[in-house]
Amino acid sequence: MEIESMVANSALVRAREGDKGRSWKWREMLRFPHINQCMDLAMNIERNYYSLCVKQPIGKKLFQLFCRSRPYLQNYISLQDALDTFETKSDEERRDFGITIIQRFLRSQSIQCVSIVLKYEQSCIENLEYDPCGDVFHDCREYLNRYLSGEPFIQYQESMFFDRFLQWKMVERSPITKNMFRQYRLLGKGGFGEVWACQARATGRMYACKKLDKTHVKKRRGEGMALNEKEILESLDSRFVVNLAYAYETKHALCMVLTMLSGGDLKFHIYNIGAPGLDIKRVQFYAAEVYCGLIHLHQKSIVYRDLKPENILLADNGHIRISDLGLAVRLYEGKLVRGRVGTLGYMAPEVIGNEHYGMCVDWWGLGCLVYEMTAGKPPFREHGEHPRPLEMERRIHDDQEEYDDKFSKQVKDLCSSLLNKDPNQRLGSEGGIAVQSHPFFKKLNFRMLEAGLVEPPFKPDPRLVYCSDVQDIEEFSTVKGVTLDQTDDNFYSKFNTGSIPITWQNEILETGCFKELNVFGPEGSRSPDLDY
Ligand code: ADP
Ligand code: MG
Ligand code: MG
């Protein structure tokens, strides 16, 4: 490895370790505006309980702090906390933990009893008996939220806690520029530009910044595609799909700041470490997590269309996320789409045939992925073989993929059901649940998997950088002879919307910045920035 690469790698490895990356000016970067400067926002923000107090992490936190400050609401919020904790318990712990919740909050004799939900005691006990892994407290939680969204929510909006929420929202909405990030090494190259490791200076959090070169986008009429990728990403919130944290522009590029996935892509893991292919435990785990990501997309009527090992990235904790949503498309009113897009070797027969298609193309993609992880080669060609497009199409249409003795009976059955050439006969064609129920996944606990509670079978080495050396990634040239003008600004302003609320709020909470900055006056009084 060349010295330049070693220096770039060690800078990145050091930045990834711990939270030492905050700028010395971080407090100033996150400074609250005075509450008087939040009045426009106060007038215009949608007063929706679910959005303000459940979905947005800082919103939820401040609403809870408000409830904790009112003696009559304390038990309500302790119950809410307990219900959240219940969802992080393993299957074995759920019954006992569920019983303590019932004893503490749903019994009139208990000092912590929450009177409005007492009526659910019997049904919760029955649910717990019947199946502790089901949604035992569903009705109880709904009713609790219904109560909190009434009078307590009204009082919250008149409290200093809501004023503080408005201040955080103002910080969240400040314009994003490239100076807010420190840049590390180049991670990879894409169709419209490069992806760099970067770090938010205010919090020290590491991200990957995908830069789309403006001249390239214009030359190849990529505006719709760039906006599509950005808008789809910001509408998602899944632990199995990359999160978008910021969208901003520089003079030369449009930038998407994404979850940093530093464990390498599955292509690297299949081919570059030992004999090609992965062991069955990893195949099963990655296939199941990809399945969860696809289900999340499909539930939002989004077809992914680009499933292949290169696009599945590992986080440093060993979990995967689906990345590169450039080809994803939303189906409106359940209508099918058309379009020969994707990567030829992984396209389903109905895509190649230019037919109308729906979610099923992703189940074909999952079949290709499971096949490739198991065999150490893709289904219809050898690794490194590049048949001509027409030959590739013929094989996908006509050839039966082959299964050698690396395939157990179950994995072979899964692959051949997913690689059914007829989309209407394909596993998953009547809903993803059929895929999850396949015997190959029999030993996997999907409830725990979806909650992120299953331990990954492999953890990337934190001292390694799992991507090509810097000088081996081809340089990206800007296109000459393309001029950017006024008409482009309209598109840029749609793209350049700044922080994405949920991801940004999680960054603030998880890096500890919230805790350090969210202080009030002595004995619960207002601080000067909150004094009207
Ligand atoms: P394109 O849509 O142009 O193909 P990608 O989104 O696939 O661009 O990104 C190009 C390359 O950058 C990927 O192959 C990968 O090596 C790297 N990369 C992309 N996103 C991330 C990420 N979130 N974390 C780490 N590396 C990434
Ligand atoms: Mg890509
Ligand atoms: Mg792409």
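Counting starts from 1 at the beginning of each chain's written sequence and moves along it residue by residue. Here chains are named by letter from A upward and ligands by number from 1 upward, in the order in which they appear as written. Where local features are concerned, this predicted model is filtered to residues with pLDDT of at least 70; where side-chain atom pairs are given and counted, the filter is 80 or more; whole-chain, interface and lining totals use all residues.

## Observations regarding the overall build of the protein chain
Starting at the N terminus, helices and strands are each numbered in turn, a helix being any DSSP run of H or I of at least four residues and a strand any DSSP run of E of at least two. Helix and strand counts for the protein chain come out as 24 helices and 10 strands. The C-alpha atoms of the protein chain give a radius of gyration of 25 Å, which matches the 24 Å a tight globule of 532 residues would have. Counting other C-beta atoms within 10 Å of a residue's C-beta gives its exposure: the residue is buried at 20 or more, exposed at 12 or fewer, and partly exposed in between, where C-beta atoms are placed from the backbone. Considering the protein chain as a whole, with its 532 residues, one finds that 36% of them fall into the buried category. With C-beta atoms placed from the backbone, a contact is any residue pair whose C-beta atoms sit within 7 Å. Looking at the protein chain alone, contacts between residues at least 24 apart form 69% of all its contacts between residues at least 6 apart. Taken over C-alpha atoms, the radius of gyration is set against a globule rule of 2.2 Å times the number of residues to the power 0.38.

## Section: the nonpolar core
As a rule of thumb, soluble globular proteins bury nonpolar side chains together. A set of buried residues qualifies as a nonpolar core if it consists of Ala, Val, Leu, Ile, Met, Phe, Trp, Tyr and Cys joined through C-beta atoms within 7 Å. Residues Val 290, Leu 366 and Val 370 are the most contacted members of the largest nonpolar core, which totals 131 residues. If we skip the residues at most four places from it in the chain, Val 290 touches Ile 312, Ile 320, Ile 322, Leu 366 and Leu 369.

## Looking at the UniProt feature "domain: RGS" (unreviewed entry) in the protein chain
As recorded in UniProt, the feature "domain: RGS" (unreviewed entry) lies at residues 54–166. Annotated as residues 54–166, this span is 69% helix and 0% strand, and its ends, taken at the C-alpha atoms, are 16 Å apart. UniProt positions are given in the numbering used here, feature names are shortened, and annotations may be inferred rather than shown by experiment.

## Description of the pairing of strand 2 (residues 194–200)
Within strand 2, 5 of the 7 residues are buried, which leaves the element mostly enclosed by the surrounding structure. Here, a strand pair is defined by DSSP locating no fewer than two bridges between the strands. In this sheet, strand 2 lies alongside strand 1 (residues 181–189) in antiparallel orientation, the contact comprising 6 bridges. Directly across from Leu 186, in strand 2, lies its bridge partner Trp 196. Adjacent in sequence and paired antiparallel, strand 1 and strand 2 are bridged by 4 residues. Taking the residues that link successive antiparallel strands as the turn, the strand 2-strand 3 (residues 206–213) hairpin has 5 residues, and the phi of Gly 204 there is positive, at about 90°.

## Topic: the environment of Lys 406
The residue Lys 406 is located in the loop between helix 18 (389–398) and helix 19 (409–418) in this model. Separated by 354 residues in sequence, Lys 406 and Leu 52 have C-alpha atoms that sit 51 Å apart. Ignoring sequence-local partners within four residues, the contact set of Lys 406 consists of Gly 277, Thr 374 and Ala 375.

## Re the site of ligand 1
Around ligand 1 sit 19 residues, and of these Gly 188, Gly 190, Val 195, Ala 208 and Asp 324 come closest. Listing elements by their share of the shell around ligand 1, those giving two or more residues are strand 1, strand 3 and strand 5 (253–259). Nonpolar residues are Ala, Val, Leu, Ile, Met, Phe, Trp, Tyr, Cys and Pro. Charged residues are Asp, Glu, Lys and Arg, and all others, Gly as well, are polar. The residue inventory of the shell around ligand 1, partitioned by class, reads 10 nonpolar, 6 polar and 3 charged. Only the C-beta atom, placed from the backbone, is used; a residue is near a molecule or strand if that atom lies within 6 Å of it.

## Quick look at unusual backbone geometry
Look at Asn 354: it is not a glycine, yet its phi comes out positive at around 60°. Mapped onto the elements, Asn 354 comes out in the loop between helix 16 (349–352) and helix 17 (360–375). On the neighbour-count criterion, Asn 354 (10 C-beta atoms within 10 Å) is exposed. Phi angles above zero are rare outside glycine, and Glu 523 is one such case at about 50°.

## With respect to the packing of helix 5 (residues 57–69) against helix 23 (residues 501–510)
Running from amino to carboxyl end, helix 5 crosses helix 23 at an angle of 55°, the nearest separation of the two axes being 7 Å. Judged by the inter-axis angle, helix 5 sits oblique to helix 23. Counted together, Pro 57, Ile 58 and Lys 61 of helix 5 and Ile 502, Gln 505, Asn 506, Ile 508 and Leu 509 of helix 23 form the full contact between these two elements. To get an axis, fit a line to the C-alpha atoms, keeping to the stretch in contact for a helix; angles then go from 0 to 180 degrees between the N-to-C directions. With respect to orientation, any angle under 35 degrees is reported as roughly parallel, any angle over 145 as roughly antiparallel, any angle of 65 to 115 as roughly perpendicular, and every other angle as oblique.

## Some details on the pairing of strand 4 (residues 244–249)
Of all 6 residues in strand 4, 5 are buried; the element is thus mostly enclosed. Strand direction decides the pairing type here: strand 4 and strand 5, joined by 5 bridges, are antiparallel. Each residue of the ladder has a partner; that of Glu 249, found in strand 5, is Leu 254. In textbook terms, the turn of a hairpin is the stretch between consecutive antiparallel strands, and for strand 4 and strand 5 this stretch comprises 3 residues. With 2 bridges connecting them, strand 4 and strand 10 (residues 498–499) associate as antiparallel partners. Each residue of the ladder has a partner; that of Ala 247, found in strand 10, is Gly 498.

## With respect to the UniProt feature "binding site: ATP" (unreviewed entry) in the protein chain
Within this numbering scheme, the UniProt entry marks Lys 210 as carrying the feature "binding site: ATP" (unreviewed entry). Along the polypeptide, Lys 210 turns up in strand 3. When sequence neighbours within four positions are dropped, the list of residues in contact with Lys 210 reads Gly 190, Val 195, Cys 255, Met 256 and Leu 258.

## Some thoughts on helix 9 (residues 138–148)
Taken together, the buried positions of helix 9 are Cys 140, Leu 144 and Leu 148. Looking straight down helix 9, one finds its buried side chains confined to an arc of 65°; they lie on one side. Facing away from the buried side of helix 9, by more than 90 degrees, are the exposed residues Glu 142 and Arg 146. The arc in question is traced by the directions running from the helix axis to the C-beta atoms.

## Points about the sheet that holds strand 10
Spatially, 6 strands are ordered 1-2-3-5-4-10 in an open sheet, and the strand pairing comes out antiparallel. Only two strands of the sheet have a single neighbouring strand rather than two, namely strand 1 and strand 10. Along the sheet face, helix 13 (residues 223–234) touches strand 3, strand 4 and strand 5 and points at about 145° away from the line of strand 4.

## Some remarks on helix 7 (residues 91–105)
Helix length check: helix 7 (15 residues) gives 21 Å between terminal C-alpha atoms against 21 Å at 1.5 Å per residue, within 8%. Within the sequence span of helix 7, burial applies to Gly 98, Ile 101 and Phe 105. Looking at the buried positions of helix 7, the neighbouring elements they touch are helix 6 (74–86) and helix 8 (121–130). By this rule the span expected of a helix is its residue count minus one, scaled by 1.5 Å.

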